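Analysis of the macromolecular model
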Amino acid sequence: MNVLVLNAGSSSLKYQLINVENKIILAKGICERVGGIDSFYKHSSKEDEDVIATVLPDHSAAVSFVLRSLTTGKHKVI
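Here's what I pulled together on the structure shown here. Computed from a prediction, not measured in an experiment: that's the story for all the values here. (Residues numbered from 1 in each chain as written. Predicted model: local features only at pLDDT ≥ 70, side-chain atom pairs only at ≥ 80, totals over all residues. Heavy atoms only, no water.)

1. Notes on the pattern of salt bridges
If charged atoms from side chains of opposite charge come close, those side chains can pair. For clarity, the cut-off: For this document, the term salt bridge refers to a Lys or Arg side-chain nitrogen within 4 Å of an Asp or Glu carboxyl oxygen. Secondary structure elements follow DSSP: runs of H or I no shorter than four residues count as helices, runs of E no shorter than two count as strands, and numbering proceeds from the N terminus. The classification of residues rests on relative accessible area computed with a 1.4 Å probe and restricted to protein chains. Under 20% of the type maximum is buried, over 50% is exposed, and intermediate values are partly exposed.
Counted by the stated rule, this structure contains three salt bridges. Here Asp-50 makes a salt bridge to Lys-74, at a shortest N to O gap of 2.9 Å. In this pair, Asp-50 sits in strand 5 (residues 49–53) while Lys-74 sits in the segment after helix 1 (59–71), placing the two residues 24 residues apart along the sequence. A relative accessible area of 62% places Lys-74 in the exposed class.

2. A look at the packing of aromatic side chains
The relation between two aromatic rings is expressed through the spacing of the ring centres and the mutual angle of the planes. As a reminder of what qualifies: Any pair of Phe, Tyr and Trp rings, taking the six-membered ring for Trp, is counted once the centres come within 6.5 Å. Such a pair is stacked with planes under 30 degrees apart, edge-to-face with planes over 60 apart, and tilted for the rest.
Counted by the stated rule, this structure contains two aromatic pairs. Ring centres of Tyr-15 and Tyr-41 lie 6.2 Å apart, and the angle between their planes is 10°; on these two criteria the pair is classed as stacked. Here Tyr-15, found in strand 2 (residues 12–19), pairs with Tyr-41, found in strand 4 (residues 40–45); they are 26 residues apart in sequence, far enough to count as distant. Both rings, one in Tyr-41 and one in Phe-65, keep their centres 4.8 Å apart while their planes meet at 75°; by these two values the pair is edge-to-face. With a gap of 24 residues between them, Tyr-41 in strand 4 and Phe-65 in helix 1 connect regions that are remote in the sequence. By the burial criterion, Tyr-41 is buried, and Phe-65 matches it. Site record: aromatic cluster; members linked through ring pairs are Tyr-15, Tyr-41 and Phe-65.

3. Description of a nonpolar patch on the surface
Stated formally: Think of a patch as exposed residues, more than 30% relative accessible area, with no salt bridge, where like charges cluster within 9 Å and nonpolar side chains (Val, Leu, Ile, Met, Phe, Trp, Tyr) cluster within 5 Å. Note on areas: these come from Shrake-Rupley sampling with a 1.4 Å probe, and a residue is covered only by the protein chains present in the view.
Together, Met-1, Val-3, Val-5 and Val-20 make up an exposed nonpolar region whose accessible area comes to about 320 Å². The topology assignment puts Val-5 in strand 1 (residues 2–8).

4. What about the nonpolar core?
The criterion, for reference: Joining through side-chain atoms within 4.5 Å is the link that ties buried Ala, Val, Leu, Ile, Met, Phe, Trp, Tyr and Cys residues into a set, and such a set is a nonpolar core. Residue contacts are counted whenever heavy atoms from the two residues lie within 4.5 Å of one another.
By size, the foremost hydrophobic cluster in this structure holds 11 residues: Leu-13, Tyr-15, Ala-27, Cys-31, Val-34, Tyr-41, Leu-56, Ala-62, Phe-65, Val-66 and Leu-70. Residue assignment for this core shows that the elements contributing at least two residues are strand 2, strand 3 (24–32) and helix 1. Among residues more than four places away in sequence, those in contact with Val-34 are Ser-11, Ser-12, Ser-39, Leu-56, Asp-58, His-59 and Ala-62.

Written out as structure tokens, the structure is:
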């Protein structure tokens, strides 16, 4: 079973996707400067690490961006 852990701060959103049976971190990252014009997303998994400049006007947008990244495209792990 995979568990997504979120930690929302005032201007950040940190996350880890963990396989609790194997105790393996599948992916982790952070959305920084949420609500600012210079926000960015940092994602890392076993294969790579990326930093992506993107507009994250609020935490809802940050969560959506994280979920979309984990399920589609280059960073897909689930």
